[in-house]
Protein chains: 2
Amino acid sequence: MRLVVIGGVAAGTKAASRARRLDPDLEITIYQEEPEISISECGLPYLLSGVVKDRENLIARTPEDFTGRDIEVLVRHRVEKIFAEDKKLTIENLITGERFEDSYDRLIISTGAKANLPPIDGADLDGVFTLRFLRDSDAIQGHIKKYSPRKAVVIGGGYIGLEVAENLKEIGMEVAIVEVDDRVANAYGPEVAAKVAEHLKEKGVEVQTCERVEEMVSQDSRVRAIRFDGEELEAELVVIGIGIKPCVDLAEDAGVKIGATGAIQVDKYLRTNLPDVWAAGDCAESTNLVTGAASWVPLGDTANQMGRVAGTNAARGSSDDEALEFPGVLGTGVFKVFDLGVARTGLSAEDADNAGFEVVTASVDAVDTAGYYPGDGKTFVKLIADGATGRLIGAEVAGGKADKYVDICATAIWGGLSYPDLVNLDLAYAPPFGPVLSPIIQAASILANEFEKRTEGVRATE
Amino acid sequence: MRLVVIGGVAAGTKAASRARRLDPDLEITIYQEEPEISISECGLPYLLSGVVKDRENLIARTPEDFTGRDIEVLVRHRVEKIFAEDKKLTIENLITGERFEDSYDRLIISTGAKANLPPIDGADLDGVFTLRFLRDSDAIQGHIKKYSPRKAVVIGGGYIGLEVAENLKEIGMEVAIVEVDDRVANAYGPEVAAKVAEHLKEKGVEVQTCERVEEMVSQDSRVRAIRFDGEELEAELVVIGIGIKPCVDLAEDAGVKIGATGAIQVDKYLRTNLPDVWAAGDCAESTNLVTGAASWVPLGDTANQMGRVAGTNAARGSSDDEALEFPGVLGTGVFKVFDLGVARTGLSAEDADNAGFEVVTASVDAVDTAGYYPGDGKTFVKLIADGATGRLIGAEVAGGKADKYVDICATAIWGGLSYPDLVNLDLAYAPPFGPVLSPIIQAASILANEFEKRTEGVRATE
């Protein structure tokens with residue numbers, strides 16, 4: 001029995017490892033285009049500032065680590081075509097140019113995602129980069145070393161853009177963020193986005209919102225400025241962080257069904273429409289557990305978890321009664337920008353409104369230590385609830401402990417908790433760790449008051 | 001309509017505030033024996049070291065704060081007797097010695113808990129203290145100032161004893177802990193207890209386990225040593241931290257039913273057996289949400305939450321359909337001892353075994369940052385699951401971020417999550433905040449493997 005895995009970052013390597021654990025006799029090969037596997041892509045921005053010292057630190061495992069577990073890893077190999085009916089593949093060795101054929105009994109597609117580019121000329125100029133692979137950070141670091149740029153422009157104010165802005169600022173560059181939307185961190189509601197914008201200002205990062213980059217100005221093939229709305233912003237380094245898209249061409253070409261999100265459609269066992277073909281990680285859809293709709297959330301931790309499920313099911317074969325389910329995602333995420341942690345889970349108020357929920361929200365700016373204990377951390381919490389049921393459907397957090405508070409909310413949404421649960425939730429308290437009532441419970445109390453008012457309103461009209 | 005609240009710390013003041021919010025016309029009086037109300041008792045150990053600078057910092061609110069909201073607060077007043085049939089009380093003014101009568105329509109008992117004393121002579125010696133009230137920390141600080149003791153013994157290795165030991169050590173004293181059980185932190189399993197013991201050793205705190213203090217040695221009415229098992233340990237200051245017990249004499253005398261735990265029995269609306277009498281906080285029982293059994297968990301955050309429910313129901317009156325429920329507790333707690341955070345929720349493996357569960361556990365020593373990101377925090381996580389259902393029923397955590405990880409587990413238990421949920425749980429990840437897979441998910445994966453082995457074991461015997 002032969003398992004082939006296409007793509008060797010989070011989902012692919014996890015799937016292969018898991019399959020090996022379950023079936024010592026399985027033949028397993030991973031094909032990977034990049035020269036490295038198991039890359040911690042989320043760490044790339046921190047290479048730019050030296051917070052992460054060495055690119056090798058971002059390589060969690062080498063091909064040799066897998067060879068030791070009897071998993072063949074072929075890097076710099078691109079799978080060119082999948083022949084699903086014959087369960088065959090053609091592969092190009094990107095170093096030698098050699099092409100060859102392989103076959104599989106079971107196949108996992110974990111081809112990942114790649115950076116979006118803006119629809120303007122100049123993305124190929126010297127000094128213009130995206131940041132998705134180790135070779136991208138190598139290139140940016142090479143450019144910085146060669147030209148010592150003083151002025152950088154980051155196009156896009158999402159979390160990658162914000163992380164890149166921070167890390168370039170930390171090495172002394174002047175940094176401006178240009179965002180096409182009306183706010184940075186636009187996956188968040190206006191309150192959190194405003195806190196991010198304010199924090200960037202405090203840290204000396206210029207922010208331009210509602211601006212679409214129209215042109216990259218170059219000289220001698222090197223970028224010199226970007227132009228938008230008649231304005232010109234000097235730029236000796238440009239990093240584009242305007243999102244990513246799933247790598248699905250190979251799969252689509254083979255007849256794998258692509259979902260409305262643009263990523264590979266899978267069932268709850270992560271099976272594609274093709275027999276014995278699973279998909280996992282950034283190239284695949286999952287289900288949003290709040291809305292029940294197909295959703296595309298390309299994040300490293302989710303990819304890892306999907307890899308575990310796909311690897312299990314590929315090792316066991318397709319029989320349903322032994323198959324593991326991947327239940328879905330909440331879209332939980334966190335990022336840091338300078339000293340501010342920002343996190344979300346579930347739906348934003350806007351998402352919830354668009355999904356047809358009657359939205360009830362409650363927000364609190366809470367201290368995140370006991371008032372009398374040293375430390376003056378603040379945490380903003382916004383809870384988003386379904387007015388019809390009282391159920392928590394989303395949360396946004398900003399503050400030093402954003403990761404702590406968002407994980408409580410994510411777990412609460414997963415467990416179907418409502419505001420009366422959240423008010424009474426038995427969380428841990430001691431003075432060194434937080435206020436007597438967690439910011440989550442404080443926000444939940446306000447939420448409970450909102451629901452009380454609604455009930456009173458109903459009574460008043462009865 | 002007149003509401004009387006007996007006891008003005010966490011539950012009592014919260015109940016009164018909540019009742020006021022819901023009913024502006026209610027007459028509300030709080031009787032409180034101590035000179036202060038709203039005391040953050042959990043902060044008391046930190047006064048000893050000066051981490052909390054000033055005792056006033058531990059007083060969250062003054063009687064005047066409540067007067068401003070039209071809530072009468074009478075401190076240094078002891079309620080002597082409740083005449084439940086007549087809905088009357090007799091009260092002693094502890095300053096003037098004056099006695100008077102009051103009446104209530106609705107009554108909330110929140111009389112709190114007091115420190116246990118060992119059954120030996122000497123607890124009244126100069127230099128021997130418990131730590132429950134502000135006057136206790138005042139007395140300890142007075143003793144330290146007067147005698148500059150160099151050697152302290154803490155009797156009891158629970159969280160109060162450990163916090164006191166840390167704070168006395170921090171001001172340069174030699175500190176020994178004497179614990180009757182075979183381990184300190186004995187509410188925890190042996191793994192966590194061993195980590196605590198090791199950490200205490202690193203910090204230079206002597207630990208004696210399996211030792212029952214037999215005698216306090218004195219000279220001129222001052223404690224000089226404690227004696228156990230033939231050994232004598234010099235002690236110029238002794239702090240007893242061997243637990244607390246609920247203050248229920250007043251209630252019991254009035255005919256309020258006391259539960260098997262020794263605390264006041266209440267229903268899910270926090271009603272006692274007497275009409276229009278509620279109980280909340282450290283004097284009252286609650287339901288353990290895992291076992292369904294009556295449980296006594298005297299903690300400040302729980303007291304606060306119970307106060308909210310009792311205050312709501314007392315303000316609204318006894319009609320069930322408007323009453324709020326207090327669902328119960330998980331016994332979630334956290335404490336810090338020097339640099340180590342220690343936390344638990346739900347049942348320990350021992351608790352679970354005693355409660356008749358078929359116990360399956362999984363433990364992991366995980367890093368608590370991304371491997372390549374600066375910081376080298378470690379977190380130990382032990383998950384305790386019900387073998388029959390796979391449901392999480394308890395967790396223990398030790399490490400710098402114990403508070404974060406235990407809150408995820410507490411919320412998971414509250415939501416009834418099982419190991420397949422925990423493995424796939426969508427928690428927040430970014431390199432500055434933790435490893436790609438949360439220590440909780442790592443432990444859950446091991447737990448899943450344990451359950452897999454059991455299933456395979458079943459298959460093998462079929």
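By convention here, each chain's residues receive numbers from 1 onward along its written sequence. As they are written, the chains are lettered A onward and the ligands numbered 1 onward, keeping that order. Whole-chain, interface and lining totals are the exception, using all residues; otherwise, since this is a predicted model, local features are given only for residues with pLDDT of at least 70 and side-chain atom pairs are given and counted only at 80 or more. Here the side-chain values reflect all heavy atoms present in the structure, with hydrogen atoms and water set aside.

Participant: So what exactly am I meant to see when it comes to the side chain of Arg308 of chain A here?
Facilitator: Looking at the element boundaries, Arg308 of chain A is found in helix α8 (residues 300-316). Each residue gets one of three labels from its accessible area relative to the maximum for its type: buried under 20%, exposed over 50%, partly exposed in between, using a 1.4 Å probe on protein chains only. In this tally Asp and Glu are treated as negative and Lys and Arg as positive; neither His nor the chain ends contributes. For this document, the term salt bridge refers to a Lys or Arg side-chain nitrogen within 4 Å of an Asp or Glu carboxyl oxygen. Despite being buried, Arg308 of chain A has no salt bridge partner; Glu452 of chain B is the closest side chain of opposite charge, sitting 4.5 Å away. If we ignore the near neighbours within four places in the chain, the residues touching Arg308 of chain A are Lys14, Arg18 and Leu324 of chain A together with Val423, Ser445, Ala448 and Asn449 of chain B. Secondary structure elements are defined from DSSP: runs of H or I of at least 4 residues count as helices, runs of E of at least 2 residues count as strands, and each element is numbered from the N terminus. A contact between two residues is defined here by any heavy atoms of the two lying within 4.5 Å.

Participant: I would appreciate a short explanation of the packing of helix α1 (residues 10-22) of chain B against helix α8 (residues 300-316) of chain B in the present structure.
Facilitator: In helix packing, the relevant descriptors are the interaxial angle and the interaxial distance, both defined with respect to the helix axes. All names here are of chain B. Each axis is a line fitted through C-alpha atoms, taken for helices only over the stretch in contact, and angles between the N-to-C directions span 0 to 180 degrees. Contact pair α1 / α8: the axes reach a minimum separation of 7 Å and the direction vectors enclose 35°. Seen along the crossing, α1 lies across α8 with a hand that is right-handed. Residue-level inspection shows Ala10, Ala11, Lys14, Ala15, Arg18, Ala19 and Leu22 of α1 in contact with α8, the latter providing Gly300, Ala303, Asn304, Gly307, Arg308, Gly311, Thr312, Ala315 and Arg316. In the scheme used here, Gly and all other residues not listed as nonpolar or charged are polar, with Ala, Val, Leu, Ile, Met, Phe, Trp, Tyr, Cys and Pro taken as nonpolar and Asp, Glu, Lys and Arg as charged. Residue composition of the contact of α1 with α8, grouped by class: seven nonpolar, five polar and four charged. Crossings are classed by handedness, with left-handed meaning an anticlockwise turn of the near helix from the far one by less than a right angle and right-handed meaning a clockwise turn.

Participant: Looking at this model, I keep getting lost on the interface of chain B and chain A. Mind explaining?
Facilitator: As a measure of interface size, the accessible area lost when the parts come together is often cited. Taken together, the contact between chain B and chain A spans 69 residues of the former and 69 residues of the latter. A 1.4 Å probe defines the accessible area here, and the buried area is the portion of it lost by two parts on being joined, summed over both. Of the roughly 5,800 Å² buried where chain B meets chain A, counting both sides, 58% is carbon and sulfur surface. Taken together, the links from chain B to chain A amount to eight salt bridges. For Lys404 of chain B, the salt bridge is made with Asp403 of chain A, and the minimal N-O distance between the two is 2.8 Å. Between N or O atoms, a polar contact is any pair within 3.5 Å; within protein, one atom must be a potential hydrogen donor and the other a potential acceptor, and residues adjacent in sequence are included only when both atoms are from side chains. The interface formed by chain B and chain A contains 26 residue pairs in polar contact (both at pLDDT 80 or more). Counting only elements with at least two residues in the side of chain B that touches chain A, the list comes to α1, α8, β21 (333-337), α10 (402-414), α11 (419-424) and α12 (439-461) of chain B. Sorting elements by how many residues they give to the side of chain B that touches chain A places α10 of chain B first, with nine residues. Here the side of chain B that touches chain A is composed, by residue class, of 35 nonpolar, 17 polar and 17 charged.

Participant: Looking at this model, I keep getting lost on a negative patch on the surface. Mind explaining?
Facilitator: Residue and element names in this part refer to chain A. Taken together, Glu206, Glu214, Asp229 and Glu231 make up a surface patch of like negative charges. Secondary-structure assignment places Glu206 in strand β12 (residues 206-208). The exposure class assigned to Glu206 is partly exposed, which follows from its relative accessible area of 36%. Like-charged residues within 9 Å of one another, or nonpolar side chains (Val, Leu, Ile, Met, Phe, Trp, Tyr) within 5 Å, are grouped into patches, provided each residue has over 30% relative accessible area and no salt bridge. Note on areas: Shrake-Rupley, 1.4 Å probe, and residue coverage restricted to the protein chains presented here. Where a charge lies is defined by one atom per residue type: Lys uses NZ, Arg uses CZ, Asp uses CG and Glu uses CD.

Participant: Teacher, can you tell me more about the relation of the copies chain B and chain A here?
Facilitator: The operation relating the pair of chain copies consists of a rotation about an axis and a translation along that axis. Residues reaching a pLDDT of at least 70 in both copies supply the C-alpha atoms on which the copies are superposed by least squares. Structural alignment of chain B on chain A gives an RMSD of 0.0 Å, achieved by rotating through 180° and translating 0.0 Å along the axis. Classification of the inter-copy transformation places it as that of a two-fold axis. When C-alpha distances to the rotation axis are compared across chain B, the minimum falls at Gly415 of chain B, with a value of 2.1 Å.

Participant: Looking at this model, I keep getting lost on the nonpolar core. Mind explaining?
Facilitator: Within soluble globular proteins, side chains that are nonpolar tend to cluster in buried spots. Of all hydrophobic cores here, the largest spans 88 residues; its most connected members are Leu383 and Leu422 of chain A together with Leu383 and Leu422 of chain B. Setting aside chain neighbours within four positions, we find Leu383 of chain A in contact with Val360, Thr361, Ala362, Leu392, Gly394, Ala395, Cys409, Leu422, Ile440, Ala443, Ala444 and Leu447 of chain A. Remark: nonpolar core denotes a set of buried residues (Ala, Val, Leu, Ile, Met, Phe, Trp, Tyr, Cys) joined through side-chain atoms within 4.5 Å. Residues Ile82, Ile109, Val248 and Ala279 of chain A belong to the second largest nonpolar core, which totals 51 residues.

Participant: What should I look at first to understand unusual backbone geometry in this one?
Facilitator: A negative phi angle characterises most non-glycine residues, just as the trans form characterises most peptide bonds. Residue and element names in this part refer to chain B. Located in the positive-phi region is Ser38, a residue other than glycine, with phi close to 50°. Using a relative accessible area of 5% as the deciding quantity, one classes Ser38 as buried. The phi angle at Asp276 is positive, at roughly 60°, despite the residue not being glycine.

Participant: Got a minute to help me understand the sheet that holds strand β16 (residues 237-240) of chain B in this structure?
Facilitator: Sheet strands pair via backbone hydrogen bonds, and the direction of the pair is either parallel or antiparallel. Residue and element names in this part refer to chain B. Here we have five strands laid out as an open sheet, ordered β9-β16-β10-β11-β12, and parallel in their pairing. Of all the strands in the sheet, just β9 (128-130) and β12 (206-208) have a single pairing partner and so form its edges. Averaged over all pairs of adjacent strands, the angle between their axes in this sheet comes to 20°, without regard to strand direction. Relative to β16, strand β10 (residues 151-155) is paired through four bridges, and the arrangement is parallel. Residue pairing for β16: Ile155 is matched across the bridge by Ile240. On top of the sheet, helix α4 (residues 134-147) reaches β9 and β16; it is set at about 150° to β9, its chief contact. Between any two strands, pairing holds if DSSP finds at least two bridges.

Participant: How should I be thinking about α10 of chain B in this particular structure?
Facilitator: Counting along an α-helix, one turn takes 3.6 residues, and residues three or four places apart therefore face a common direction. All names here are of chain B. To estimate the expected span of a helix, count its residues, drop one, and scale the result by 1.5 Å. For α10, with 13 residues, the first-to-last C-alpha span of 18 Å sits near the 18 Å given by 1.5 Å per residue. With 13 of 13 residues buried, α10 is to be regarded as a mostly interior element. Positive backbone phi, approximately 70°, marks Gly416, located one or two places after α10.

Participant: Is there a simple way to explain the sheet that holds strand β7 (residues 106-109) of chain B in this structure?
Facilitator: Residue and element names in this part refer to chain B. Within the open sheet, the five strands sit side by side as β3-β2-β1-β7-β18. Their pairing is parallel. Edge positions in the sheet fall to β3 (72-75) and β18 (277-279), since each has one partner strand and no second. Recorded for the sheet is a direction-independent mean angle of 15° between the axes of neighbouring strands. As defined by bridge partners, strand β1 (residues 2-6) adjoins β7 across four bridges and the pair is classed as parallel. Across the sheet, the residue bridging to Val4 is Leu107, located in β7. Lying on the sheet, α1 is in contact with β1, β2 (27-32) and β7; it crosses β2 at an angle near 175°. Contacts from α8 reach β1, β7 and β18 within the one sheet, and its direction differs from that of β7 by about 170°.

Participant: Help me out: how do you make sense of the packing of helix α10 (residues 402-414) of chain A against α10 of chain B in this one?
Facilitator: At a closest axis distance of 8 Å, the pairing of α10 of chain A and α10 of chain B adopts a crossing angle of 10°. Taken as axis vectors, α10 of chain A and α10 of chain B run roughly parallel relative to one another. The chirality of how α10 of chain A crosses α10 of chain B is right-handed. Contacts from Asp403, Lys404, Asp407, Ile408, Thr411 and Ala412 of chain A in α10 of chain A reach Asp403, Lys404, Asp407, Ile408, Thr411 and Ala412 of chain B in α10 of chain B. Grouping the amino acids of the contact of α10 of chain A with α10 of chain B by side-chain chemistry returns four nonpolar, two polar and six charged. Angle categories are assigned with fixed cut-offs, so that under 35 degrees is roughly parallel, over 145 is roughly antiparallel, 65 to 115 is roughly perpendicular, and the rest are oblique.

Participant: Got a minute to help me understand the environment of Gly230 of chain A in this structure?
Facilitator: Note on placement: Gly230 of chain A falls in the loop between β14 (222-228) and β15 (231-234). Each C-alpha atom of the pair Gly230 of chain A and Glu214 of chain A lies 9.1 Å from the other, and the pair is 16 residues apart in sequence.

Participant: Any chance you could explain the pairing of strand β4 (residues 77-83) of chain B here in plain terms?
Facilitator: Within a regular strand, the side chains alternate between the two sheet faces. All names here are of chain B. With six bridges connecting them, β4 and strand β5 (residues 88-93) associate as antiparallel partners. Counterpart to Arg78 in the pairing with β5 is Glu92. Hairpin geometry of β4 and β5 is characterised by an intervening segment of four residues between the two adjacent antiparallel strands and by a positive phi of about 55° at Lys87.

Participant: Would you mind going over empty space enclosed by the protein with me for this structure?
Facilitator: All names here are of chain B. A pocket, in this scheme, is an open set of points on a 1 Å grid over the protein atoms alone with protein on both sides within 12 Å along at least 5 of 7 lines, while a cavity is a set where a 1.4 Å probe fits but cannot get out; residues line either one if an atom lies within 4 Å of a point. Grid points are joined across faces, edges and corners, and a volume is the space filled by probe spheres set on the points. What the rule picks out here adds up to four cavities of 30 Å³ or more. Volume-wise, the largest cavity comes out at about 90 Å³. Lining the largest cavity are 16 residues; nearest its centre among them are Lys404, Ala428, Tyr429, Pro435 and Ser438. Contributing elements (two or more residues each) for the lining of the largest cavity: α10 and α12.

Participant: Looking at this structure, how should I read the pattern of salt bridges?
Facilitator: For side chains of opposite charge, pairing can occur when their charged atoms come near one another. Throughout the structure, instances matching the rule amount to 72 salt bridges over all chains. As a salt-bridge pair, Glu92 of chain B and Arg78 of chain B come within 3.9 Å of each other at their nearest N and O atoms. With a gap of 14 residues between them, Glu92 of chain B in strand β5 and Arg78 of chain B in strand β4 connect regions that are remote in the sequence. Linked through salt bridges whose partners overlap, the residues forming this network are Glu33, Arg78, Glu80, Glu92 and Arg99 of chain A.

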